[in-house]
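Summary of structural features
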Amino acid sequence: DAKTTQPPSMDCAEGRAANLPCNHSTISGNEYVYWYRQIHSQGPQYIIHGLKNNETNEMASLIITEDRKSSTLILPHATLRDTAVYYCIVGSGSARQLTFGSGTQLTVLP
Amino acid sequence: DTGVSQDPRHKITKRGQNVTFRCDPISEHNRLYWYRQTLGQGPEFLTYFQNEAQLEKSRLLSDRFSAERPKGSFSTLEIQRTEQGDSAMYLCASSLVSRGPNEKLFFGSGTQLSVL
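A brief look at the structure comes next. The shown structure was predicted, so the numbers you read here are calculated from the model rather than taken from an experiment. (Residues numbered from 1 in each chain as written. Chains lettered and ligands numbered in written order. Predicted model: local features only at pLDDT ≥ 70, side-chain atom pairs only at ≥ 80, totals over all residues. Heavy atoms only, no water.)

Turning next to the overall build of chain B. When its secondary structure is counted, chain B shows 0 helices and 11 strands. Starting at the N terminus and ending at the C terminus, chain B contains elements arranged as β-β-β-β-β-β-β-β-β-β-β. The C-alpha radius of gyration of chain B comes to 14 Å, within 12% of the 13 Å expected for a compact globule of 116 residues. Dimensions of chain B along its principal axes, counting C-alpha atoms only, are 45 × 25 × 25 Å. Relative to its 116 residues, chain B shows a buried fraction of 46%. Contacts in chain B between residues far apart in sequence, at least 24 positions, make up 53% of those at least 6 positions apart. Counting only carbon and sulfur atoms, one obtains 45% of the accessible surface of chain B, whose full area is about 6100 Å². (Helix = DSSP H or I, 4+ residues; strand = E, 2+ residues; numbered from the N terminus. Rg over C-alpha atoms; globule rule 2.2 N^0.38 Å. Buried < 20%, exposed > 50% of the residue type's maximum accessible area, 1.4 Å probe, protein only. Contact = heavy atoms within 4.5 Å. Areas by Shrake-Rupley, 256 points an atom, 1.4 Å probe, with all protein chains shown as cover.)

Residue and element names in this part refer to chain A. Here strand E2 (residues 18-23) shows one buried face, formed by Ala 18, Leu 20 and Cys 22, and one open face, formed by Asn 19, Pro 21 and Asn 23. Where E2 meets strand E7 (residues 70-75), 6 bridges bridge the pair, whose relative direction is antiparallel. Across the sheet, Cys 22 pairs through a bridge with Ser 71, a residue of E7. (Pairing = 2+ DSSP bridges.)

Attention now goes to the packing of aromatic side chains. Each pair of aromatic rings is reported with the distance of its centres and the angle of its planes. Considering all chains together, one arrives at 15 aromatic pairs over all chains under this definition. Here the aromatic rings of Tyr33(B) and Phe45(B) are separated by 6.5 Å at their centres, their planes lie at 70°, and the arrangement is edge-to-face. Linking Tyr33(B) in strand E4 (residues 31-37) with Phe45(B) in strand E5 (residues 44-50), this pair joins segments that are 12 residues apart in sequence. Given the relative accessible area of 9%, Phe45(B) is considered buried. Here Tyr35(B) and Phe107(B) contribute two aromatic rings whose centre-to-centre distance is 5.5 Å and whose plane-to-plane angle is 50°, an arrangement assigned as tilted. On the criterion of sequence distance, the pair formed by Tyr35(B) in strand E4 and Phe107(B) in strand E10 (residues 106-107) is long-range, its members being 72 residues apart. A relative accessible area of 1% means that Tyr35(B) is categorised as buried. In this structure Phe107(B) comes out as buried when scored by relative accessible area, which is 11%. Joined through ring pairs, the aromatic side chains of Tyr36(A), Tyr46(A), Tyr87(A), Phe100(A), Tyr33(B), Tyr35(B), Phe45(B), Tyr48(B) and Phe107(B) make up one cluster. (Phe/Tyr/Trp six-rings, centres within 6.5 Å; stacked < 30°, edge-to-face > 60°.)

Now the structure itself:
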């Protein structure tokens, strides 16, 4: 499976957009990009996934570069409740293949 | 959808004791996963079930660990002769695998194990 690289931590002001980058330069053609997040003392929560097109849902937007070597998760209006560790993972569809790295600790500041 | 529930939320035990955790998945979900998570790290895969069949076990799952999912519903994870290195958060997740290529995991809040 392709590996991902994420910054260990980021800060964002409340109400502003949070843009979380992820590099996955060895991603294969059939591998998706998944994002999960983990709020303190809870289990991870699915956010969004995509293959090559940009995706948007009620939680976030996912922008994948044309060469698919990197992506950005966008939380359009971050709130304090968005403070969490965000995991970027690549895999071919089966959850068994998802390998969680250390993620990015996003802290939303008041 | 009542979510994935895990019991207990916290467990403190002495080294050498046996412990058992329970996971109740979302009712219609056919897959169930167990993960272990230590401080500052992401969850690590331990094992998973498709209905009642245990399809894979990680090499992290030593012979002191055993998991069951009788009748394809709830699952238990037992650790025998606990060691201090077993201290971690044990997470359960479930999913519904159908025809689509993408499987979304729904996690419980985990059981925090402390081995003294």
